[in-house]
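Structural features, examined
Listed here are the chains, written in short residue letters.
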Amino acid sequence: MFADIILPLNLPQVLTYGVPVDLQDQLRSGMRVEVALGKNKQYSGIVERLHNNKPENYIVKPIKGIIDEEPVVSEQQLKFWRWIADYYMASPGEVMNAALPAHLKMMGETRLEWVGDDSVVYDWSDAAYGAAQAIRMRKEVTITELRTIVHNTHFAAVLNELLENEVVVINEALETVYRPKREKVVTLHPRFVEEKQLIALFDELGKAPKQLQLLMGYIELKQKNGVVRQQELLDRVTGITSQLRTLIEKGVFAITEQNADRLLYTNVAEKKEIIFTPAQQTAYDQLCKALNEKNVTLLHGVTGSGKTLLYIRKIKECIAEGKQAILLLPEIGLTTQLVSRLRAFFGDELGVYHSHFSNNERVEIWEKVRKGKYKVVVGPRSAMWLPYVDVGLIIADEEHDSSYKQKDPAPRFHARDAAIYLASMYGSKVLLGSATPSVETLYNVRQGKYAYVSLKERYLGVGMPEITIVDARSLNKVRTLGVKMLTPELQDSIKETLQQRRQVILFQNRRGYAPFLLCTTCGWTPKCTNCDVSLTYHKSTDKLHCHYCGFKNLVMQTCHQCGSNTLTSKSFGTEKIEEEVKIVFPDARVARMDVDSMRGKHTVTELLSKLEKKKIDILTGTQMVVKGLDLEAVTLVGVISADSLLSFPDFRVNERAFQLMEQVSGRAGRADGQGKVIIQAYNIQHPVLQWVKNHDVHAFYTNEIRYREQFFYPPFSRIIKISFKHTEEDRAAQAAQIMAEALATIEGIAVQGPGPAMVPRVRNQYIREIWIKCPRNNILVNKVKFFIKEQRLYILGLKGNANVQIVFDVDPM
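Residues numbered from 1 in each chain as written. Predicted model: local features only at pLDDT ≥ 70, side-chain atom pairs only at ≥ 80, totals over all residues. Heavy atoms only, no water.

1. Here's the deal with the sheet that holds strand β27 (residues 618-621)
Strands sit in the order β19-β29-β28-β20-β27-β26 across an open sheet of six strands; the sheet is parallel. The open sheet is flanked by β19 (466-471) and β26 (590-593), the only strands paired with a single partner. On average, adjacent strands in this sheet sit at an angle of 20 degrees to one another, irrespective of strand direction. Here helix α17 (residues 574-584) sits on the sheet in contact with β20 (503-507), β26 and β27, set at roughly 170 degrees to β26. (Pairing = 2+ DSSP bridges. Helix = DSSP H or I, 4+ residues; strand = E, 2+ residues; numbered from the N terminus. Axes fitted to C-alpha atoms, helices over the stretch in contact; angles between N-to-C directions. Contact = heavy atoms within 4.5 Å.)

Okay, structure coming up:
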């Protein structure tokens, strides 16, 4: 018997290992196994397939051992992994690395084993003596442990001394990284279970009020939770640690340790029921009919229409049928506000999965999904990887959002599109929801591939916000010192909103203080030393930051090219807007929501809590403020610079600008319909602004689809982007040229490039790109994929090209 093993490495294919006879009855697909690769490296891999076909090209090594008693990855997951790897041109190991929680991937740990002669007296240096004695006594230590024994400055010298004296040998071993959480639990001695004995105990403790209080606290917690945790008992009755010890000594209580649930939530006393408005009920009836007729349905509901309530009803129906549901959201920040609402409907049947959980917590979520304890899972694209038992429904909320597309590392998959394939594996349905559907989704609706349901009015008939386009040239009239971004019209509206004790959101899709500095004498701008991009000034750190590689530099006072001191900041980011708002409205409580200010595990939750409690008057932010915020006190939204959204060099620029402005405008007036939106722009005649003003999705789509067809862009073509990266510019350019010349031999495709990427150097690697447009012909697309994979192997095999990185991105966003 042989097993194809997926290793967590970027290898072009799975590797085949022999299955020892004594393991053949136990081994199944989806189990983790321990295997050797090379001379000393040990890895844990996933068994993809068992078979009897012996490889002919290499000597087969045996599997060393089985790690699991049952598969941690299901057959359905393995099938899904294969599809992702094939469609998005990723290696099996890259998919495994993305899919498995870190703590399910056992890590190789280098160990030093003592083999010295205890009868020999060795001549050690002072630094090595202690290390040698420690290893001799323990018989074995890890490299990590050795670092703690000796100081880092002596580590290399000590390790060399141990090896030269031949007293240690290096071994590789796999370490289980996941550790269950342990907690202390208080239990009452069995003899007090009988009522008579318990009453006698109360009488006995009558003279010791603290001990009696402790016993009563125990009984309350036992009745409420079933299990009494020591920490909960101590928190409930303060200052009784010594009393607890006394009762343990008396034999009243006992302390035991048990595995704890890291994901314990307070049970909801009574789950909510759903009440629809007439418009929602009509949409729901249409939705049920549509899902019966088609596998994929688009729910096109305006912002604030209450699409979430329709999702909840469909999820409830799915659970009632004994199946699991997945609710995908484009970003982690969206889950915070939504989960608190969903918990009221689903209680502890609701699971949440995203990267802000610790590695141990993610393993526990994985297991709860695999065992069917979670009936509905909410999360971003990473939620797609969980081991579902039987999926009945997948919902992709805000399906248009580009955050569903994984950028780096591979696999560069699109969660919305992958969800449709995953649903087809289980024979389940997909519901796509958005107020601003993507062009591709609307095209599939027009082609009859997807069903369509619209919800055209806001919840309880609340009106859509009034949108005003303001000419940014009115900024020239502002005379207040330091104010350069808020037009008089926007300032007046903010003032009026604050007087009404309502909240304001100001949107600018650039973070930092100033996107770049400019010498007004010679035109020089400070650039990153590792990337061909200007540095952004962040006032919070008082440094220049590179948003591509993380490089930071001190603020420059003089120009490095001409020596003048005429450096000035140009353009503006969220930090500068926050500063200007505080100048104009000094009494307002101002907060910022962007990647820089929301890095902590609980920062988003804390910020949303302040907003809901009206402890913040004005919120400035990037597109994080656009997505899904439902705040009833927000009545004014300001888009600071629409021009920056409309001038990006990308064929999706109009689509993204329309979606961002329409979505952010939807944050205003969700409770009472008194919303107002002010969009500042210099090019006020731009057609996208008029479509946003009229909330006219269909006019936008009609214009956009004509342009896409004319220039052969998606959805009329399929795009594959190939990036070539190397520390030498000529090497990257040469590799790209070889690929382009080879692609010229394939008929029926359009090849653009090679040319420099938009940012031609990142992290000291020069980047060249080729864009391939293929007709929507699966046979031709698969032929192109196979061809460029083979061509990559050929290019990397050429002399000097071993370190060239060739990256594939299918359906780039």
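Alright, that's what it looks like, and here's the rest.
2. Notes on empty space enclosed by the protein
This structure, assessed with the given rule, holds three cavities of 30 Å³ or more. Lining the second largest cavity are Gln76, Gln77, Phe80, Trp81, Met384, Trp385, Leu386, Tyr388, Leu422 and Tyr426. Put simply, the parts of the chain that give the lining of the second largest cavity at least two residues each are α1 (75-87) and α14 (415-426). The leading source of residues in the lining of the second largest cavity is α1, at four residues. A class-by-class count of the residues in the lining of the second largest cavity yields eight nonpolar, two polar and no charged. (1 Å grid on protein atoms, 1.4 Å probe; cavity = no way out; pocket = protein on both sides within 12 Å on 5 of 7 lines; lining within 4 Å. Points joined across faces, edges and corners; volume = space filled by probe spheres on them. Nonpolar A, V, L, I, M, F, W, Y, C, P; charged D, E, K, R; others polar.)

3. Considering the sheet that holds strand β2 (residues 15-18)
Taken in spatial order, the five strands line up as β2-β1-β4-β3-β5 in an open sheet, and their pairing is antiparallel. Of all strands in the sheet, those bounded by a partner on one side alone are β2 and β5 (65-66). Bridging between strand β3 (residues 32-37) and strand β4 (residues 41-51) involves six bridges; their strand directions are antiparallel. By the bridge assignment, alanine 36 is partnered in β4 with glutamine 42. Strands β1 (2-6) and β4 of the sheet are contacted by α1, whose axis makes an angle of about 100 degrees with β4.

4. Considerations on α1
For α1, spanning 13 residues, the distance from its first C-alpha to its last is 18 Å, which sits close to the expected 18 Å at 1.5 Å a residue. Every buried residue of α1 is accounted for by Gln77, Leu78, Phe80, Trp81, Trp83, Ile84, Ala85 and Tyr87. A positive backbone phi angle near 55 degrees is found at methionine 89, which sits one or two residues after α1. (Expected span 1.5 Å × (residues − 1). Buried < 20%, exposed > 50% of the residue type's maximum accessible area, 1.4 Å probe, protein only.)

5. Comments concerning the pairing of β4
Most of β4 is tucked away: eight of the 11 residues are buried. Judged from the five bridges that link them, β1 and β4 form a sheet pairing that is antiparallel. Bridged to isoleucine 5 within β4 is valine 47.

6. A few points about the environment of glycine 666
Tracing the backbone shows glycine 666 in the loop between α20 (653-665) and β29 (676-681). According to the relative accessible area criterion, glycine 666 is buried, its value standing at 0%. Residues glycine 666 and leucine 629 lie 37 residues apart in sequence; the distance between their C-alpha atoms is 9.1 Å. Those residues in contact with glycine 666 that lie beyond four places of it in its chain are Thr303 and Arg458.

7. With respect to the packing of α20 against helix α22 (residues 697-710)
Packing of α20 against α22 leaves a shortest axis separation of 10 Å and a crossing angle of 165 degrees. Between α20 and α22, the interaxial angle falls into the category roughly antiparallel. The handedness of the crossing between α20 and α22 is left-handed. Two secondary-structure elements touch here, α20 through Asn654, Glu655 and Phe658 and α22 through Val697, Phe700, Glu704 and Arg708. Class assignment for the residues of the contact of α20 with α22 results in three nonpolar, one polar and three charged. (Parallel < 35°, antiparallel > 145°, perpendicular 65-115°, else oblique. Left-handed = near helix turned anticlockwise from the far one by under 90°.)

8. What about the nonpolar core?
If you look at the biggest cluster of nonpolar residues, it comprises 156 residues, and the most contacted ones within it are Phe80, Trp81, Met661, Ile679, Ile722, Ile772 and Ile788. In contact with phenylalanine 80, not counting residues within four places along its chain, are Met384, Trp385, Ala418, Tyr421, Leu422 and Met425. (Core = buried A, V, L, I, M, F, W, Y, C linked by side-chain atoms within 4.5 Å.)

9. What to know about unusual backbone geometry
Here alanine 410 and proline 411 are connected by a cis peptide whose omega angle stands at 0 degrees. Assignment of secondary structure puts proline 411 in the loop between β16 (391-397) and α14. That bond from proline 714 to proline 715 is cis: its omega, 15 degrees, falls within 30 degrees of zero. For proline 715, the location among the structural elements is in the loop between α22 and β30 (717-726). For glutamate 166, which is not a glycine, the phi torsion comes out positive at approximately 55 degrees.

10. Some remarks on the pattern of salt bridges
Side-chain pairing between opposite charges can occur once the charged atoms of the two side chains come close. One pass over the full model with this rule turns up 29 salt bridges. For glutamate 70, the salt bridge is made with arginine 370, and the minimal N-O distance between the two is 2.9 Å. Highlighted residues: glutamate 70 in the loop between β5 and α1 and arginine 370 in helix α13 (residues 359-370), separated in sequence by 300 residues. Judged by its relative accessible area of 39%, glutamate 70 is partly exposed. As a salt-bridge pair, arginine 708 and glutamate 704 come within 3.0 Å of each other at their nearest N and O atoms. With arginine 708 and glutamate 704 both in helix α22, this residue pair falls four residues apart, about one helical turn. Here arginine 708 matches glutamate 704 in class, with each residue buried. Connected through salt bridges with shared partners, the residues Glu575, Glu578, Lys582, Arg592 and Asp594 form a single ionic network. (Salt bridge = Lys/Arg side-chain N within 4 Å of Asp/Glu carboxyl O.)

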